[in-house]
Amino acid sequence: MGIVASAGLLAGGLLTLSSPAQAADPEFTIGGPAETALHPYPATGSPQKASLDITVTNPSEDEENGDFAEEYTVRFDFGKLAGVADVSFGEDGSLDCERTGTTAVCHDYGIRPGLSTLAELQLSAAQGSEDGDSGTIEVTAEAEGATFRPFTAHVSIGGPDLSMKALPLKTELKPGDSQPVPITFTNNGTRAAQGVLLTLRNTRGLEFTERYQNCEYSEEDLGMGPGTWSTALCSFPGSFEPGATYTLEVPPTLRATERAFYDTFLYRINEDGTDARAALRSGARFSPGKGARLALREAPAVRSADLDPTDNQQEADFRTANTADFAAYGDQAAGKAGDTVDVTLGFRNKGPAWVGYIRSGEDVATVDFTVPHGSYVVSKPDTCRGVTATGEYRENQEKAPRYFCSTPMSVLEDADFALPFRLKLVSADPGSNGAVVVRNTHLQAPALPFDPKPANNKAWVELNGEDSHATTGGSDGGSTATGGSGDTGATTGSGSSSSGTSGTNGTSGTTGSGTTGSGSGDTNGSLASTGTIAVAASGAALVALLAGGVLFTVSRRRATR
């Protein structure tokens, strides 16, 4: 088609040129607790305050470029709480607010991706309010180039207050020890709870000896490895009256398994309902226990939020007299000067215990690798950091003579912690060895306190040894190692190859179910995945999870000016 014809089509409207698509305005969601219950106004003294956090969610998944970097306005309407509750803003200072009567207009700038706190409100029952009174807070927002979904928070006076009693559990155990768990709770509130939901959650080394027909069960990893946590949600219909104490008629039995070492058990009570069940089931698949499933019937009573949710949960930590055998392994490779060779080193947990430092989030161990003479590292896992020959900090990571590799905060029984390295051969000296040691994270105290067999904590990476029959490759292709040094720690070793084995979580060179996580130890830096193993949850996140309230915590702040 010629230029003249094209011009004619344009003039007649038959030929159109597409313009770039306009990105849709981002939509943010305002949220918070669906319902907040307040203690009634006291006969004497000051009313008890409760916190209500209003949040905003930026749906962008781009952590680096997903910020909304514009100013926005938030409006709070407290009119429907008049005579029910008094409201004030917290002292976090994140919003610039001007309050007039029962409304407040606030301004802020920037919203980061994910969930963040918009405002912290302090509420207390108003003088003259009565048990059963209720009202709402309406929150809206606006900004140029964005839309906001509004939120309504319901506030009520009085309600149930379920308080879990701490149990005198025996926490120093031996594998096979069992004990009853007589769950007991009290309703300290002003109204009955309409049905309750009991949560029982335990780590891998503990188990209940029976699965109940009115409970549903799941196994979760929470970033610490498959099956690290087990959860039971048990439903009990009926009306649980204020001032009354309830206990299980036949307590379940909790047993320490053969893999128990450091373990945790938490137990929590909530008023049953859609919101509570959805929050506790979030991200997990549950299956019913054996036998007939108990039917639930909604009671014809007004459901209220818990007056004090901070005392709904208790937890206990257990120390079981047990051991875990960490057996180091190395590898063998051969090549000529200028070649690159691949080796896989690490250790296996031969059990019987799993080891998890879930409270502190500390690394379980360190793999200490000395590079064989006549070679240097050209590729390493992100979990490893180069140090000096004596183990001191080294800024330059190129051609380091030694590497410290951090484990996660949990290592499951039967886990294989495999670390792939690529070495460049400077020379082809026969029988050049580099030590592989699995040790404590403290270099000055290398013994693993739980390991009864320190003799197999050391192995070797051997280059051009007498037993090495690797295929020699060029400098571009590298050489392939033929065998690991096994679990014996022998100088030359002839165990089965650890290189390239497909593991249970898709990890190259991994045959177990270990995970990697953020570590400290000797690495002097954050610990990332090797590229193939899932990253574990941080210790701080697990402490928050165990601390109660809800079983998960999100803490993210907005962009600042």
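The preceding data block contains the structure.
Note that this is a predicted model, so its numbers are computed, not measured.

What counts as what
Residues numbered from 1 in each chain as written. Predicted model: local features only at pLDDT ≥ 70, side-chain atom pairs only at ≥ 80, totals over all residues. Heavy atoms only, no water. Helix = DSSP H or I, 4+ residues; strand = E, 2+ residues; numbered from the N terminus. Buried < 20%, exposed > 50% of the residue type's maximum accessible area, 1.4 Å probe, protein only. Contact = heavy atoms within 4.5 Å. Phe/Tyr/Trp six-rings, centres within 6.5 Å; stacked < 30°, edge-to-face > 60°. Pairing = 2+ DSSP bridges. Axes fitted to C-alpha atoms, helices over the stretch in contact; angles between N-to-C directions. Salt bridge = Lys/Arg side-chain N within 4 Å of Asp/Glu carboxyl O. Core = buried A, V, L, I, M, F, W, Y, C linked by side-chain atoms within 4.5 Å. 1 Å grid on protein atoms, 1.4 Å probe; cavity = no way out; pocket = protein on both sides within 12 Å on 5 of 7 lines; lining within 4 Å. Points joined across faces, edges and corners; volume = space filled by probe spheres on them. Nonpolar A, V, L, I, M, F, W, Y, C, P; charged D, E, K, R; others polar. Disulfide = S-S within 2.5 Å.

## Observations regarding the overall build of the protein chain
In terms of helices and strands, the protein chain carries 3 helices and 40 strands. Out of the 561 residues belonging to the protein chain, those deemed buried represent 48%. For the protein chain, restricting intrachain contacts to residue pairs at least 6 apart in sequence, the fraction spanning at least 24 positions comes to 79%.

## Re the packing of aromatic side chains
Applying the stated criterion to the full structure yields 19 aromatic pairs. Judged by centre distance (5.2 Å) and plane angle (65 degrees), the rings of Phe28 and Phe68 are edge-to-face. Of this pair, Phe28 sits in strand S1 (residues 27-31) while Phe68 is found in strand S4 (residues 68-77), placing the two residues 40 residues apart along the sequence. The class for Phe28 is buried, based on a relative accessible area of 1%. Each ring, one from Phe326 and one from Phe450, has its centre 4.9 Å from the other, and the planes form 65 degrees; the classification is edge-to-face. Taken together, the residues Phe326 in strand S25 (residues 324-329) and Phe450 in the loop between strand S35 (432-439) and strand S36 (458-463) connect sequence positions 124 residues apart. Neither residue differs from the other here; Phe326 and Phe450 are each classed as buried.

## Examining the sheet that holds S1
Spatial strand order, S5-S8-S3-S1-S10: 5 strands in an open sheet with mixed pairing. The open sheet terminates on both sides in strands that have one partner only, identified here as strand S5 (85-89) and strand S10 (147-149). Shown here is a sheet whose adjacent strand axes are inclined to one another by a mean of 25 degrees, direction ignored. In this sheet, strand S8 (residues 114-125) lies alongside S5 in antiparallel orientation, the contact comprising 5 bridges. From the neighbouring strand, Ala85 faces S8, where its bridge partner is Ala125.

## With respect to the pattern of salt bridges
What the rule picks out here adds up to 17 salt bridges. Measuring nitrogen to oxygen at the nearest pair gives 3.2 Å for the salt bridge that ties Arg149 to Glu27. Taken together, the residues Arg149 in strand S10 and Glu27 in strand S1 connect sequence positions 122 residues apart. Residue classification places Arg149 among the partly exposed residues on the basis of a relative accessible area of 45%. Ionic pairing is found between Arg402 and Asp368, a salt bridge with its closest N-O pair at 2.7 Å. Taken together, the positions of Arg402 in strand S32 (residues 402-406) and Asp368 in strand S29 (residues 366-370) put the pair 34 residues apart, joining distant regions of the chain. It is possible to trace a salt-bridge network through shared partners that takes in Lys170, Lys174 and Asp177.

## Thoughts on the nonpolar core
Of all hydrophobic cores here, the largest spans 38 residues; its most connected members are Phe326, Phe421 and Phe450. Per-element tally for this core: the top contributor is strand S34 (residues 416-425), with 5 residues. Among the nonpolar cores identified, the runner-up in size contains 35 residues, and Leu38, Phe68, Val84 and Leu95 belong to it.

## Points about empty space enclosed by the protein
The tally for this structure, following the rule as stated, stands at 3 cavities of 30 Å³ or more. In this structure, the largest cavity spans a volume of roughly 40 Å³. Forming the boundary of the largest cavity are His373, Gly374, Leu425, Ser427, Asp429, Ser432, Leu463 and Asn464. Considered class by class, the residues forming the lining of the largest cavity number 2 nonpolar, 5 polar and 1 charged.

## Observations regarding the state of the cysteines
Across all of its chains, the model carries 3 disulfides by this definition. Each sulfur in the disulfide pair Cys97 and Cys106 lies 2.1 Å from the other. In this structure, the disulfide formed by Cys97 and Cys106 twists by about 110 degrees around the S-S bond and is classed as right-handed. Exposure remark for Cys106: the relative accessible area of 0% places this residue in the buried category. Within the protein chain, bonded cysteines paired by disulfides and numbered along the sequence follow the pattern 1-2, 3-4, 5-6.

## A word on the sheet that holds strand S15 (residues 184-187)
Across the sheet, which stays open at both edges, the 3 strands sit in the order S12-S15-S20 with antiparallel pairing between neighbours. Among the strands making up the open sheet, the edge pair consists of strand S12 (162-164) and strand S20 (245-247). Within the sheet, the average angular offset between the axes of one strand and its neighbour, ignoring direction, is 25 degrees. Two elements, S15 and S20, share 3 bridges in a ladder whose sense is antiparallel. Counterpart to Phe185 in the pairing with S20 is Tyr246.

Distances and angles like these do not, on their own, reveal function.
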